[in-house]
Amino acid sequence: MDETRLEQLEQEVERLKARLDQLEQRSAAVPEPASSVTRPKVRPAFVKKGRSTAVQPKRTRDEWEQLLATVWLPRIGAIFAAIGAIFLFSYASLAGWISPAVRVGSGLVIGLLVMALGEFQYEKKRRELGIGLVATGTIVSLSALFAGMALYAFYPPLLAFFLELIVLAVAYGLMLWMRSSALLILVSITGFLLPFLQLSDEPDVFLFLVYEVVLFTALFVAVVRLKAVKAYPFSAGMLFLALLFSCITVSVEVRPVLDEVSLVCAALIAYLGTAYVGRRLALSKNYPSWLAGLFVLISLYVVEWSFVYGLSLVFAVVAYVVANGTKDAWQNGVGHLALVFTIHQLPVAADSLSDQFRSILYALVLIGLWFVKRQQVPYQRWIGIAVYLLFILKTLADYEVDPWNGRSYAVMVFGLALATAGLVYLLVRTHQEPEWTKYWKIVLTCAAAGVFITYTLIVMELPFYANLDQTDRSTTLSVAYILLAFVLVAIGRIRTSAAWRLSGLLLLSVSALKLLLFDLSFLSLIQKAFVFIGFGIVAFIISRTYFKKRPS
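Glancing now at the overall build of the chain. When its secondary structure is counted, the chain shows 19 helices and 0 strands. Within the chain, the fraction of its 552 residues that count as buried is 38%. Long-range contacts, defined as pairs at least 24 residues apart, comprise 68% of the intrachain contacts of the chain with a sequence gap of at least 6.

A cluster of like positive charges, contributed by Lys227, Arg279, Arg280 and Lys327, occupies part of the molecular surface. If you trace the backbone, Arg280 turns up in helix H9 (residues 257-280). What makes Arg280 partly exposed here is its relative accessible area of 40%.

Our focus in this paragraph is a nonpolar patch on the surface. The grouping of Leu241, Leu244, Ile248 and Val252 at the surface amounts to a nonpolar patch, some 350 Å² of accessible area in total. Looking at where Leu244 falls in the secondary structure, it is placed in helix H8 (residues 232-252).

Once that is clear, we can look at the side chain of Ser359. Position of Ser359 relative to the elements: it lies in helix H13 (residues 353-371). Ignoring sequence-local partners within four residues, the contact set of Ser359 consists of Phe391, Met412 and Gly415.

Met175, Leu183, Leu184 and Tyr271 are the most contacted members of the largest nonpolar core, which has 75 residues in total. With 13 residues, the single largest contributor to this core is helix H7 (residues 205-226). Residues within four places of Tyr271 in sequence aside, it is in contact with Ser289, Ala292, Gly293, Val296, Phe315, Ala319, Val322, Gln331 and Val334. Judged by nonpolar contacts, the second largest core, of 31 residues, contains Leu366, Leu416, Trp436 and Cys446.

Next up on the list: the packing of helix H5 (residues 157-178) against H7. Look at H5 against H7: their axes get within 11 Å of each other, and the N-to-C directions meet at 10 degrees. Our classification of the angle between H5 and H7 gives roughly parallel. Where H5 approaches H7, its residues Phe161, Leu165, Leu168, Tyr172, Met175 and Leu176 are matched on the opposing element by Tyr211, Leu215, Ala218, Leu219, Ala222, Arg225 and Leu226. Each residue belonging to the contact of H5 with H7 can be placed in one class, and the counts come to 12 nonpolar, no polar and 1 charged.

In contact at an axis separation of 10 Å, H7 and H8 are set at 170 degrees when each is read in the N-to-C sense. Our classification of the angle between H7 and H8 gives roughly antiparallel. Considering how the two elements wind past one another, H7 and H8 form a crossing that is left-handed. Two secondary-structure elements touch here, H7 through Val205, Phe208, Leu209, Glu212, Phe216, Phe220 and Val223 and H8 through Tyr232, Ser235, Ala236, Met238, Leu239, Ala242, Leu243, Phe245, Ser246, Thr249 and Val250. The residue inventory of the contact of H7 with H8, partitioned by class, reads 14 nonpolar, 3 polar and 1 charged.

Tracing the sequence through the fold places Glu260 in helix H9. The spatial distance from the C-alpha of Glu260 to the C-alpha of Leu300 is 9.0 Å, given a sequence separation of 40 residues. Dropping the residues within four chain positions of it, Glu260 is found in contact with Val250, Arg255, Val303 and Trp305.

Tracing the chain through its elements places Ser299 in helix H10 (residues 287-303). Every residue in contact with Ser299, bar those within four places of it in the chain, is listed here: Cys247, Leu263, Val264 and Ala267.

With 24 residues, helix H4 (residues 127-150) ought to run about 34 Å at 1.5 Å a step, and its terminal C-alpha atoms sit 35 Å apart, in line with that. Of all 24 residues in H4, 18 are buried; the element is thus mostly enclosed.

Tallied over the full model, the rule gives 3 salt bridges. Residue Glu128 is joined to Arg127 by a salt bridge in which the shortest nitrogen-to-oxygen separation is 4.0 Å. The exposure class assigned to Glu128 is buried, which follows from its relative accessible area of 17%. Taking the relative accessible area as the measure of exposure, Arg127 reaches 32% and is therefore partly exposed. Note that Arg381 and Glu433 form a salt bridge whose closest N and O atoms lie 2.8 Å from each other.

Once that is clear, we can look at unusual backbone geometry. The bulk of non-glycine residues show a negative phi, and the bulk of peptide bonds are trans. At Lys327, a position not held by glycine, the phi torsion is positive, near 60 degrees. Relative to the assigned elements, Lys327 resides in the loop between helix H11 (308-326) and helix H12 (330-344). Not every positive phi belongs to a glycine, and Tyr379 is a case in point at roughly 60 degrees. Counting through the fold element by element, Tyr379 comes out in the loop between H13 and helix H14 (380-398). Judged by its relative accessible area of 61%, Tyr379 is exposed.

The subject of this paragraph is the packing of aromatic side chains. The tally for this structure, following the rule as stated, stands at 18 aromatic pairs. With a centroid separation of 6.0 Å and 70 degrees between ring planes, the pair formed by Phe220 and Tyr232 is classed as edge-to-face. Taken together, the positions of Phe220 in helix H7 and Tyr232 in helix H8 put the pair 12 residues apart, joining distant regions of the chain. Across the pair, Tyr232 and Phe220 agree in class, each one buried.

A few words on the confidence of the model for the chain. Within the chain, residue pLDDT values average 79, and 73% of them lie at 70 or more. Every residue in residues 42-54 scores below 50 in pLDDT, and together they form 0 contacts with partners more than four places removed in sequence or on other chains.

Here we come to the environment of Val250. Position of Val250 relative to the elements: it lies in helix H8. On a C-alpha basis, the gap between Val250 and Val205 in space is 8.2 Å, while along the polypeptide they are 45 residues apart. Val250 has contacts with Val205, Arg255, Glu260, Leu263 and Val302, leaving out every residue within four places of it along the chain.

Along the chain, Leu186 falls in helix H6 (residues 181-193). Residue classification places Leu186 among the buried positions, given a relative accessible area of 15%. For Leu186 and Thr138, which are 48 residues apart along the polypeptide, the C-alpha to C-alpha distance reads 9.0 Å. Contacts of Leu186, omitting those with residues within four sequence positions, involve Ala135, Thr138 and Ile139.

Rules behind the numbers
- Residues numbered from 1 in each chain as written.
- Predicted model: local features only at pLDDT ≥ 70, side-chain atom pairs only at ≥ 80, totals over all residues.
- Heavy atoms only, no water.
- Helix = DSSP H or I, 4+ residues; strand = E, 2+ residues; numbered from the N terminus.
- Buried < 20%, exposed > 50% of the residue type's maximum accessible area, 1.4 Å probe, protein only.
- Contact = heavy atoms within 4.5 Å.
- Patch = residues over 30% accessible without salt bridge, like charges linked within 9 Å, V, L, I, M, F, W, Y side chains within 5 Å.
- Areas by Shrake-Rupley, 256 points an atom, 1.4 Å probe, with all protein chains shown as cover.
- Salt bridge = Lys/Arg side-chain N within 4 Å of Asp/Glu carboxyl O.
- Lys, Arg positive; Asp, Glu negative; His and termini not counted.
- Charge placed at Lys NZ, Arg CZ, Asp CG, Glu CD.
- Core = buried A, V, L, I, M, F, W, Y, C linked by side-chain atoms within 4.5 Å.
- Axes fitted to C-alpha atoms, helices over the stretch in contact; angles between N-to-C directions.
- Parallel < 35°, antiparallel > 145°, perpendicular 65-115°, else oblique.
- Nonpolar A, V, L, I, M, F, W, Y, C, P; charged D, E, K, R; others polar.
- Left-handed = near helix turned anticlockwise from the far one by under 90°.
- Expected span 1.5 Å × (residues − 1).
- Phe/Tyr/Trp six-rings, centres within 6.5 Å; stacked < 30°, edge-to-face > 60°.
- pLDDT = per-residue confidence, 0-100.

Laid out in structure tokens, this is it:
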């Protein structure tokens, strides 16, 4: 009885276990209800992008053999085949085998056939061979057409030019189809040279620039489509050669207004086009665009219009807009350069009071470089300091060797003082920033030189200075330097700044050398007494402050 009861209990336990297993399987199969609350996305950890240090594996001997046989051998063969075809035609011409008409016609036909053969080889998956044959056929065809015009005069230069354009258009189409940067460079070079092959004695700048702009617009479209980053500088370089040729022609000859207008417009189109291409190619440094901006300013300088300063100001605004649109901070530098060019082109008489107001405008541009953050370029502070040093040199060059001839240079000196005050204020505000850490001594030296020169010119512009003789002028400068040194040390004590104190001590040392090496020979006894005693008193006062502040 007990055994039967025990077996029944064991069977009941087994059934309960089986039922429990089924319930667990069903609960696992049922999905959890979706929550109406959106979980926040997990923010990825910050990963600093760095330059990949992966080393490219070295090519094996088989890879080198494949590269030479499939890439470089077709290119070398294309060059040698073109040279051989030229030699063959030369020999056939000297031997009298073929007439001039047959020479030109056969050269053109052979060139087109070689281009067709290159297209056929490309379809057969022989890319480099096909590109080499197309390049060879293009050169042979253009050479034959040029010979028919220049050597045999079978047709006028205008007809030869249009025939050459047809061949160039065929090469352009094959370049797009084959997606070849090498053919893009070939079309750029040959397309640029075509107008020069027509041997025209009187250049037509307007038609030449219209042709070049249309040609390189098509080439820049191809650059964007093919993502040809390496071929882009070559195409832009050919366009810049065309602009340079036009600038030289307009500058050395009296040209019609249409030529001048076309030159300015072509340079502006080149600038906008290169800026657009650089943005589409996502270039970090769009050198061709910056150079194109320089050509815009060169073209404005060449045309010599009375309202050039207004056009350059408009171009500065255009450069700033391009910088904001392309996110290229260096385009702001083009705008800054255009602003400086605008100031330089202001229509004022040389050596006049209005001419001195340029110094104030230059100073305002410098202050904008240091304090306006909206249109900045990389390393703008350093660029501003470099421009400031050039500004000092320009002021010294403009300041005549004999400024006490009754003429005032106060406005020009005020502009320099404005720029110097801006630099000093910049250094006072930002001297603890990391940007100056490594080169603080260099920056301080530049600022000290600027302050010294500015202060000297201010003293020389005092009303009574022009009426003094040479000895009294030297005495006045010595006294002024001593007083400035005292003021600098006092400011350093008040602000607890070693830079100010060291600048004052350095200036005091310079004053001492000036007194001993220069003033000692020219001053009278009473002047020597007062100046040297005054220097000694200032030196004792400064030294006394150091002893007073010295720790026990």
